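Architecture at a glance
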Amino acid sequence: MANLPWYSEEDKGLGKNQVAGYQRKSWKYSAVRRDGSFHYVHSTPFGNYSFISVDATQIPGPKRPYNFFGILDKKQMKELLFLAKESSRSNHTIWFGHFTTSTILCPSPGIQSTMSSATAYLCGHLHTLGGLMPVLHTRHFQGTLELELGDWKDNRRYRIFAFDHDLFSFADLTFGEWPVVLITNPKSLRYSCAKHEPLERLLHSTHIRVLAFSLSSIASVTVKIDGVNLGQAIHLSGPIFILKWNPRNYSNGTHNIEVTVQDSAGRRKNVHHIFSVQENMHLTFDPLASFILLTDHCTVARVLFVLIVLIQLSILITFRYLAHPELKEPPGFINLTSFSLHVLSKIDIFYYSVLLLTLYTVLGPWFFGEIIDGKLGCCFSFGIFVNGHFIQGGMTFVVGILQLAFFNIPLMAYLCWSLLQRCFGQSFRSHLYQGKYLKIIPVHLLMLLLYIWQVYSCYFLHVTFGILALLMSPLRTWLTLLTPVLIRCVWTLNSTEFGTFMVQLNSHLSS
């Protein structure tokens, strides 16, 4: 943040983030680096601007993937509420942190409500979702902008922002691409908010204002509105270029402003956005981006995990205590599925194996190992115990959902299918030679692929948490070793165990 030279209407209230290596001494800024959440106030002749850091880092911090969610406890939330109140007298407040608000676990009233007085929350973490979402921006229901930024490490993305007469503007950029251009007046309609900004100033402004930076001197700044060339902006000071305009000529509806900047080295940059001088106009954000940034993903993961477990247990226990099925209709998919669930639930070894696996996924320790470098801990679905601390579950529920969806439930379905083949009087060899390869091979192949996924999860556990975690992991290593034993039991179990079911199925098929 830097103080701009004091001029009249053209630059009053204008501040910005600068690229440090290309500034005069009067444009220098100081970086602030502290641990934990803090409040920094940047003072100018035209007002104060608050910057509040949100440190939701887990303490202690486990290894990946269990550090995906940030956590704020009651004490930290109380501190942030105090900082929010402390910043209420500033012209604007910008919050910033690593985690998106959708990936922060915190008590009531919630992080979005706590920062409701802020103009924007600047964050990273999800970045661009591996390139799937190049722009992850949205607006909270309270009016605060949440602006995700691509990562610096791999993609060299960075952001500049400015307050122009207390109207907030920003640009997300790639380092090394010049010129850098930011239109500060008129500002983008999509990022306008009457609750936090004096939007009426647009209608009374006298100049279009543009910030333009480059390694070489700026040669020209051309401005167009709705395709009509308004002329060349003139240099005012520093990176500021201005062009007189009459905003009342654009008082109705939305309009498109386009600025083309060229430097003396011949590099050219074109930027544009939609604006409106009417305060009641709005543009919506990408619905998918809003879903990603506004949804409480930890709560969703918890609810989904519990629902999947309850559905699986309900099916298993219900079929256990239902009377033996009476096949009256042709053996279609639904009837045969129901019949196979009866078989699974009423043969003790399979019923208790699946029941124990499901309950253990919810209640039992998944593994014991080096959760933090040099510190041993134990991981459960509901959280992690490490070094005398308990870290509440976040990513653990997501991992639990993946375990249920990609192994536990498919294994249960595969056991049902295999038991059904036994009820048809087939052995492992005979069912392979009955000629229905297109129906049989895909089932075995799918289960094999899921089993390979389970084996890979054991390898990942070893690489991340050490050899002890690999050896002391009932849900990964032990389950991987026991699964072939359970499947072999299906195909080698004495036929007398299937007696009632085989007789019933064969009599129905022959009738």
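Use the structure listed above.
Below is a short write-up of the structure. (Residues numbered from 1 in each chain as written. Predicted model: local features only at pLDDT ≥ 70, side-chain atom pairs only at ≥ 80, totals over all residues. Heavy atoms only, no water.)

**Digging into the side chain of Asn185**
Structurally, Asn185 is set in strand E13 (residues 180-185). With a relative accessible area of 2%, Asn185 lands in the buried category. Side-chain polar atoms of Asn185 contact the backbone oxygen of His207, separated by 2.7 Å. Apart from residues no more than four positions distant in its own chain, Asn185 is found in contact with Asp164, Leu167, Leu202, Ser205, His207, Ile208, Arg209 and Trp245. (Helix = DSSP H or I, 4+ residues; strand = E, 2+ residues; numbered from the N terminus. Buried < 20%, exposed > 50% of the residue type's maximum accessible area, 1.4 Å probe, protein only. Polar contact = N/O pair within 3.5 Å; in protein donor to acceptor, adjacent residues only side chain to side chain. Contact = heavy atoms within 4.5 Å.)

**Some details on the packing of helix H7 (residues 333-346) against helix H8 (residues 348-363)**
Here H7 crosses H8 at 90°, and the two axes come no closer than 5 Å. As the angle between them shows, H7 and H8 are arranged roughly perpendicular. Residues Leu344, Ser345 and Lys346 of H7 form the contact with H8, whose own contacting residues are Asp348, Phe350, Tyr351 and Val354. Residues belonging to the contact of H7 with H8 are distributed by class as follows: 4 nonpolar, 1 polar and 2 charged. (Axes fitted to C-alpha atoms, helices over the stretch in contact; angles between N-to-C directions. Parallel < 35°, antiparallel > 145°, perpendicular 65-115°, else oblique. Nonpolar A, V, L, I, M, F, W, Y, C, P; charged D, E, K, R; others polar.)

**Topic: the sheet that holds strand E23 (residues 383-386)**
On the basis of which strands lie adjacent, the open sheet formed by 4 strands has the order E21-E22-E23-E24 and antiparallel pairing. What marks the edges here is a single partner per strand, and that holds for strand E21 (367-372) and strand E24 (389-392). In this sheet, neighbouring strand axes are inclined to one another by 30° on average, regardless of whether the strands run parallel or antiparallel. (Pairing = 2+ DSSP bridges.)

**Considering unusual backbone geometry**
Excluding glycine, a negative phi dihedral is what most residues carry, and trans is how most peptide bonds are arranged. For the peptide bond that leads from Arg64 to Pro65, omega is 0°, which places it in the cis range. By the secondary structure assignment, Pro65 is in the loop between strand E4 (47-54) and strand E5 (70-71). A cis amide bond links Trp178 with the next residue in sequence, Pro179, at an omega value of -5°. Residue His125 is not a glycine yet carries a positive backbone phi of 70°. A positive phi angle, near 50°, is found at Asn387, a position not held by glycine. Within the secondary structure layout, Asn387 lies in the loop between E23 and E24.

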